Amino acid sequence: MKLSIIGSGYVGLVTGACLANVDQHVTCLDIDEKKINKLRNGIIPIYEPGLEGLIKEKVASSSLTFSSNISETVKNTDVIFIAVGTPTNKENDSADLSQVYSCAEEIAKNIKNNTIVILKSTVPVGTCDKIEEIINLSNPSINFDVVSNPEFLREGSAIFDFENPDRIIIGTKEKNSISTLNSIYKKQIKNNFPVIFTTRRSSELIKYASNSMLAMRIIFINEIADLCEKVGANVEDISLGIGLDKRIGPDFLNAGPGFGGSCFPKDARALVESGKSYNAPQNLLKAVIDGNEKRKENLSKRIIEVAKNRKNIGVLGVTYKANTDDIREAPSLSIIPDLINKGFNVSIYDPQASRDGIKEFEEANWESDIYSVAKKSDCLVILTEWSEIISMDLKKISDIMTQPIIIDFRNLFSLDSFKKLNIEYHSIGRETINSHKEVE
Ligand code: UGA
């Protein structure tokens with residue numbers, strides 16, 4: 001069976017490499033010729049653990065190829081995945097489906113009989129129906145099926161998630177498509193991961209509802225953390241205490257600087273917009289989005305309050321989470337420019353984030369490791385839970401800095417770690433340790 005994937009971004013590349021790993025022949029496509037040429041030469045445009053090695057291995061065994069010739073490839077493909085971006089529209093908060101529809105047009109012109117088109121991109125309810133309409137208009141006599149099969153890959157552990165999914169959701173009613181999908185996911189099915197067959201509309205909505213539910217949990221625990229700080233409670237104990245209730249569960253209850261990335265904020269906004277257009281308001285989700293935005297804005301106020309007259313702030317981690325180079329909608333994008341505008345000198349270290357072309361960080365000073373940042377700072381702010389930051393030598397930090405302060409927005413350290421150290425330690429929803437009285 002020949003598979004092709006339109007869109008060689010994060011989802012397309014991970015899906016392509018993982019499918020090529022189970023005896024399929026996969027072509028990853030993109031209109032960006034430069035990107036395709038780089039991929040052919042083994043240059044992977046994103047940082048995702050394990051991806052570069054897997055792509056190189058599958059290219060070497062000829063099960064994975066790259067092309068920018070979408071029309072020719074589509075003509076020779078049995079199954080076409082659409083994995084292009086659906087960013088937030090410029091005019092409103094709905095999903096911009098222009099890339100999805102231009103794929104549909106391209107497919108419509110070149111599709112052969114009995115092709116299955118699988119939509120991986122995150123899209124509002126009814127998008128598969130529209131794709132079907134577009135193909136039918138150009139090719140009324142052809143036999144094909146459009147299937148919804150959303151992705152649930154987390155950046156940083158995408159290959160693991162692809163191979164060990166909590167579930168695979170497939171929206172189709174066509175018998176032929178069901179057997180093809182079963183064959184595509186044969187490895188996961190053999191390993192007993194659940195596959196849910198449903199309607200296309202339910203499948204499209206499952207994706208938005210999943211991301212939105214997770215986003216709600218995060219903003220909920222973040223607001224509980226705020227209350228913990230006021231009343232002297234500990235948010236980690238609250239997460240443990242509520243998470244042990246099987247109906248709640250322990251995951252996604254880590255308080256932090258607010259959610260970011262290319263998915264939660266965009267998908268939550270799009271679901272609110274869908275609710276508006278169908279007159280089914282998503283009020284809870286609207287509050288989640290507003291709460292998250294305010295949280296990101298307020299973090300710099302908190303830093304300024306703690307830093308008092310210290311002027312040199314070191315930021316450890318700028319990506320929206322660990323194990324990715326992605327900074328889209330990261331809390332750092334609002335915190336760093338705000339500190340700079342208020343007259344602070346900001347030094348940054350991040351193990352993977354690109355330092356080029358990001359206007360928000362232009363006036364900050366990049367360092368090559370944690371301790372070089374510490375040397376230039378009198379207050380360290382932790383924004384990302386990189387393992388390198390978790391394992392940093394706190395004793396060394398306290399030797400390098402005079403009256404050091406750490407503001408840890410990821411609760412990376414136990415409060416006990418600071419008992420014998422002269423470091424003032426602030427975290428989220430927990431007591432402050434070793435308050436320094438005055439700056440010398
Ligand atoms: C998310 C979903 O988890 C995936 O299932 C989904 O496929 C993906 O979006 C997508 O739609 O493509 P991702 O954006 O990679 O994946 O990141 P997550 O690990 O879910 O984290 C999202 C944000 O929540 C991050 O900013 C993270 O720091 C934050 N977070 C997560 C917390 O603040 N606390 C937690 O307990 C967990």
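These numbers come from a predicted model, not from an experiment.

Asker: Is there a simple way to think about the site of the ligand in this case?
Answerer: In the vicinity of the ligand, 19 residues are found, and the nearest of them are E151, E155, K207, N211 and R410. Interatomic distance of 2.6 Å between a side-chain N/O atom of E151 and an oxygen atom of the ligand. Between the ligand and the protein, one listed contact pairs an oxygen atom with a backbone N or O atom of L153 at 2.9 Å. Notes on the ligand: free accessible area 720 Å², of which the protein chains cover 92%. The set of elements that each furnish at least two residues to the shell around the ligand consists of α10 (200-231) and α12 (264-277). Taken together, the residues of the shell around the ligand sort by class into nine nonpolar, three polar and seven charged.

Asker: Please clarify how the pairing of strand β5 (residues 115-119) should be interpreted in this entry.
Answerer: It is a general feature of regular strands that their side chains alternate between the two faces of the sheet. The element β5 is largely enclosed, with a buried count of five among its five residues. Burial of the side chains of β5 extends over both faces: T115, V117 and L119 are buried on one face and I116 and I118 on the other. For the crossover that starts at strand β4 (residues 79-82), traverses helix α5 (residues 98-110) and ends in the parallel β5, the hand is right-handed. Taken together, the five bridges between β5 and strand β6 (residues 144-148) define a ladder with parallel strand orientation. Along β6, the bridge assignment pairs T115 with F144. Running through helix α6 (residues 127-138), the crossover from β5 to the neighbouring parallel element β6 is right-handed.

Parameters at a glance
- Residues numbered from 1 in each chain as written.
- Predicted model: local features only at pLDDT ≥ 70, side-chain atom pairs only at ≥ 80, totals over all residues.
- Heavy atoms only, no water.
- Near = heavy atom within 4 Å.
- Polar contact = N/O pair within 3.5 Å; in protein donor to acceptor, adjacent residues only side chain to side chain.
- Areas by Shrake-Rupley, 256 points an atom, 1.4 Å probe, with all protein chains shown as cover.
- Helix = DSSP H or I, 4+ residues; strand = E, 2+ residues; numbered from the N terminus.
- Nonpolar A, V, L, I, M, F, W, Y, C, P; charged D, E, K, R; others polar.
- Buried < 20%, exposed > 50% of the residue type's maximum accessible area, 1.4 Å probe, protein only.
- Right-handed = clockwise from strand over helix to strand, strands pointing away.
- Pairing = 2+ DSSP bridges.

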